[in-house]
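Structural overview
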Amino acid sequence: GQQVMQIPQYQHVQEGEDFTTYCNSSTTLSNIQWYKQRPGGHPVFLIQLVKSGEVKKQKRLTFQFGEAKKNSSLHITATQTTDVGTYFCAARYGNKLVFGAGTILRVKS
Amino acid sequence: DTAVSQTPKYLVTQMGNDKSIKCEQNLGHDTMYWYKQDSKKFLKIMFSYNNKELIINETVPNRFSPKSPDKAHLNLHINSLELGDSAVYFCASSQDPAWETQYFGPGTRLLVL
């Protein structure tokens, strides 16, 4: 079935370092969403990107949608311990929202 | 007020038992979903209902039966539980099937012994 590939699977960073997770699709996407799941919690919607080459920022988080609308990234500047969790991208294929495998972020203080 | 709620939060049961998980949303959304998250955090859709009608039915064993008594509720009944059913089950809702943002419940952590 359709899937969106997400890397890396895990990332351990020192507090203050930057973090990036990437998602790729073999087909052109209409849009892409990003969710965050804290340990023991549930996925929470962060943002949706729709336009080719779109860049959106939320404080220390920067989201990008590729020019070809086949890839996306989430970049966190100067990570904090509150950033720990799993970050998922999600893309719509037909009538389903398909989630990437997620990137687990651990931050060492 | 909790937007999407699920009960129970934890469920520990023996193999072969039958159990149900309940979900309610007070967002006024038309569409509700069940997702399964395995131990590797992989999140996969199982079912989706729009206004009480089943619109997505993934390749899920027929031991799993969803039921939507009204558009604010979506329950999941599981017959003859197996070890491999152990996972976190999330209910979610969205304004309609094409609406992008999904709102997740807190999850039900099912452990089958």
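The structure we're discussing is the one just above.
Residues numbered from 1 in each chain as written. Chains lettered and ligands numbered in written order. Predicted model: local features only at pLDDT ≥ 70, side-chain atom pairs only at ≥ 80, totals over all residues. Heavy atoms only, no water.

In this complex, chain B contributes 19 residues to the contact, which on the side of chain A involves 19 residues. With both sides pooled, the region where chain B packs onto chain A buries about 1700 Å², and carbon together with sulfur makes up 51% of that total. Its largest share of buried area at the contact with chain A, chain B owes to Lys41(B), Glu100(B) and Phe104(B), together 35% of the area lost on that side. Remark: the boundary between chain B and chain A carries one salt bridge. Between Lys96(A) and Glu58(B) there is a salt bridge whose closest N-O contact spans 3.2 Å. Elements with a minimum of two residues in the side of chain B that touches chain A: β4 (31-37), β5 (43-50) and β6 (53-57) of chain B. By residue class, the composition of the side of chain B that touches chain A is eleven nonpolar, four polar and four charged. (Contact = heavy atoms within 4.5 Å. Buried area = accessible area lost by both parts, 1.4 Å probe. Salt bridge = Lys/Arg side-chain N within 4 Å of Asp/Glu carboxyl O. Helix = DSSP H or I, 4+ residues; strand = E, 2+ residues; numbered from the N terminus. Nonpolar A, V, L, I, M, F, W, Y, C, P; charged D, E, K, R; others polar.)

This paragraph deals with the nonpolar core. The nonpolar side chains of a soluble globular protein tend to be buried with one another. The biggest cluster of nonpolar side chains holds 22 residues, and the ones touching the most others in it are Ile32(A), Trp34(A) and Phe63(A). Listed by contribution, the elements that provide at least two residues to this core are β3 (19-24), β4 (32-37), β5 (43-49), β7 (61-65), β8 (71-76), β9 (85-93) and β11 (103-108) of chain A. A total of four residues in this core trace back to one element, the largest contributor, which is β9(A). The residues touching Ile32(A), leaving out its near neighbours within four places in the chain, are Cys23(A), Ile47(A), Gln48(A), Leu49(A), Phe65(A), Ser72(A), Cys89(A) and Ala90(A). Of all hydrophobic cores here, the second largest spans 19 residues; its members include Val4(B), Met32(B), Phe47(B) and Tyr49(B). (Core = buried A, V, L, I, M, F, W, Y, C linked by side-chain atoms within 4.5 Å. Buried < 20%, exposed > 50% of the residue type's maximum accessible area, 1.4 Å probe, protein only.)

For the coordinates displayed, the defined rule picks out eleven aromatic pairs over all chains. Judged by centre distance (6.2 Å) and plane angle (85°), the ring pair of Phe88(A) and Phe99(A) falls under edge-to-face. Of the two residues, Phe88(A) sits in strand β9 while Phe99(A) sits in strand β10 (residues 96-99), which places them eleven residues apart along the sequence. As far as the burial class goes, Phe88(A) and Phe99(A) line up, both buried. When the centroid spacing of 6.1 Å and the interplanar angle of 35° are considered together, the rings of Tyr33(B) and Tyr35(B) count as tilted. For the residue pair Tyr33(B) and Tyr35(B), the accessibility class agrees, reading buried in each case. (Phe/Tyr/Trp six-rings, centres within 6.5 Å; stacked < 30°, edge-to-face > 60°.)

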